[in-house]
Amino acid sequence: MSTEESRSEEKMRFDYFFMAVNSIRHRKLRSWLTVVGIIIGVAAIISLITMSRSLQGTIEQQFETFGANRIFVSGKGFQGPGTMSNGLTMKDVETIEKISGFKYITPGLFRSAEVIYNKEKGFTLVGGLPAEQYSEFLADTGVEMQAGRAIKDNEKYVAIIGSRVAEKMFSKELSVGNRIKINKVDFKIVGIVKEIGNAQDDNQISIPLDTAREIFNEPESVDTIIVQVKSSSDILAIQEKIEKGLERKRGDTNFEVVTASQILEQINQVLGVMQIVLVGIAAISLLVGAIGIMNSIYTSVLERTKEIGIMKAIGARNPDILWIFLIEAGMIGLVGGILGTALGAGMALAVGPIAKQAGFPMIISLEVSVLLFGLLFAFIVGMISGILPAYQASKLKPVDALRYE
């Protein structure tokens, strides 16, 4: 191809672009109504993908803070703090203590309880851990004190409260040294935990395990056993030893032994399925937008049939006509993609403060790859939607087009 022919081809492409722009400008209302469908679909997809990936990143970050060198042993009925377990006792703790390779073992007991301060009542989760392990456990889990200190060995009727308990449970803010009643038993507040970031932890009260057994009348029960392993390279071997040891000693398998990484993997699988389902639902609105583009281009072809005939009569080829309408469809998709991506990003960012207010601060991060995906996806959807009407336009015979009224 000569230089002159190359320049001519380039000029024609610009002409196609400007013709498409003029066509959209002359049909503003119809074009905007078509674009709205794409905006809604792209905004839904971008916001849902961003929020689900941000949620996944936030959970992973919290697990990294909590530590990867942990094994959790629980009964089959235990679904997390605040639920009853099925069958774990201090005998199980003693069985695990006979296994080597761990730093320490922390049995935990969790119950919902009535809390009273200055005749005001509240209800929250109360967790009991061994008094002698509080300092080490809080340090290993990255929990910091906002005020006061951790529970010390041999202390009994003392409590550490979460930030939301201190600030929001009662009309008057609690502070170190105040006394509260838990299940009608007096406790002195010795520490306030700095805000962790989720409502359950920030609403929790922690007391010594022996005291929890006393006030909840649970002399032997254990809800969960947390095993802090010395080295992460030994974690799977120790997990297997714990499973075999408990099964041999108990004579049943009415328990679960999982690592922090396995819990995270299960959560990620659930989030992955949710992401696919939510994006699939959002894609339906994008499909509606694509049908809107197809309808708009079909209408444009009908309105410009005589114009197509004139262009063909003066030398326009079928591919030229095809490209004019494809560019128009692609531009509608691109404009919808730009506005939809901006709207979706704004919606995702707005979720951050709302989630924090609800007690679960989520770190919303906008990924360039996701935003570019939104733009490219909308453009491609627009182009694909325009293929059929554009092809129909390109196949019009000049004589028939010129006769069209």
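Residues numbered from 1 in each chain as written. Predicted model: local features only at pLDDT ≥ 70, side-chain atom pairs only at ≥ 80, totals over all residues. Heavy atoms only, no water.

1. Considering the overall build of the protein
We count it as follows: Per the convention used, a helix needs a DSSP run of H or I reaching at least four residues, while a strand needs a run of E reaching at least two, with both numbered from the N terminus. Summary of the burial criterion: residues with accessible area below 20% of their type's maximum are buried, those above 50% are exposed, and those between are partly exposed, where the area comes from a 1.4 Å probe applied to protein chains only. Using a 1.4 Å probe, the Shrake-Rupley method yields the accessible areas, and only the shown protein chains count as cover for residues.
In terms of helices and strands, the protein carries 13 helices and 10 strands. Taking all 405 residues of the protein together, the buried fraction comes to 44%. Accessible area for the protein stands at about 21000 Å²; split by element, carbon and sulfur atoms hold 59% of it.

2. What about helix α8 (residues 235-250)?
Here is the rule: To estimate the expected span of a helix, count its residues, drop one, and scale the result by 1.5 Å. Working rule for contacts: check all heavy atoms of both residues, and any pair within 4.5 Å makes them a contact.
In this model α8 runs 22 Å from its N-terminal to its C-terminal C-alpha over 16 residues, within 8% of the 22 Å that 1.5 Å per residue would give. Against β1 (70-75), α3 (90-97), β2 (102-117), β9 (224-229), β10 (255-259) and α9 (260-303) lie the buried residues of α8. The positive-phi residue at the C-terminal boundary of α8 is G251, with phi of around 80 degrees.

3. A closer look at the environment of V222
Take V222: it is sitting in the loop between α7 (209-216) and β9. Each C-alpha atom of the pair V222 and G108 lies 6.0 Å from the other, and the pair is 114 residues apart in sequence.

4. Side note on the packing of aromatic side chains
Inclusion rule: By convention, a stacked pair of Phe, Tyr or Trp rings (six-membered ring in the case of Trp) has centres within 6.5 Å and planes under 30 degrees apart, an edge-to-face pair has planes over 60 apart, and any other such pair is tilted.
Following the criterion strictly, the structure yields 3 aromatic pairs and no others. Ring geometry for Y117 against F170: centres 5.7 Å apart, planes inclined by 55 degrees, an arrangement best described as tilted. You can see Y117 sitting in strand β2 and its partner F170 sitting in the loop between α5 (163-168) and β6 (179-182), a full 53 residues away along the chain. For the residue pair Y117 and F170, the accessibility class agrees, reading buried in each case. Where Y157 meets F187, the ring centres are 5.8 Å apart and the plane angle is 70 degrees; that geometry is what we call edge-to-face. With Y157 in the loop between β4 (145-148) and β5 (158-161) and F187 in strand β7 (residues 185-193), this pair connects stretches of sequence that are 30 residues apart. Given the relative accessible area of 31%, Y157 is considered partly exposed. Residue class for F187 comes out buried when judged on its relative accessible area of 0%.

5. Here we look at the pattern of salt bridges
To keep it simple, the criterion reads: The salt bridge criterion pairs a side-chain nitrogen of Lys or Arg with a carboxyl oxygen of Asp or Glu, the two atoms within 4 Å.
Considering all chains together, one arrives at 13 salt bridges under this definition. Linking K103 and D140 is a salt bridge whose minimum nitrogen-to-oxygen distance equals 3.5 Å. Of this pair, K103 sits in strand β2 while D140 sits in helix α4 (residues 134-140), and the two are 37 residues apart along the sequence. With relative accessibility at 43%, the residue K103 sits in the partly exposed group. The partner of D223 in a salt bridge is R111, and the shortest N-O contact between them spans 2.6 Å.

6. Some words on the nonpolar core
Using the following cut-off: Buried Ala, Val, Leu, Ile, Met, Phe, Trp, Tyr and Cys residues that are joined via side-chain atoms within 4.5 Å together make up what is termed a nonpolar core.
In this structure, I38, I297, I308 and F325 are the most contacted members of the largest nonpolar core, which totals 27 residues. Where this core is concerned, the elements lending two or more residues are α2 (28-66), α9, α10 (305-313), α11 (318-357) and α12 (368-394). Residues contacting I308, with those up to four places away along its chain left out, are V301, I321, F325, A393 and L396. One finds L109, V126, F170 and I192 within the second-largest nonpolar core, a separate group that totals 23 residues.

7. Side note on the pairing of β5
Put simply, side chains in a regular strand alternate between the two faces of the sheet. What counts is decided by this rule: Strand pairing is defined by DSSP finding a minimum of two bridges between the two strands.
Burial along β5 is two-sided: the residues V158 and I160 and A159 and I161 are all buried. Here β5 pairs with β7 via 4 bridges, running parallel. Its bridge partner lying in β7, V158 is registered against K188. Strand direction decides the pairing type here: β5 and strand β8 (residues 205-208), joined by 2 bridges, are antiparallel.

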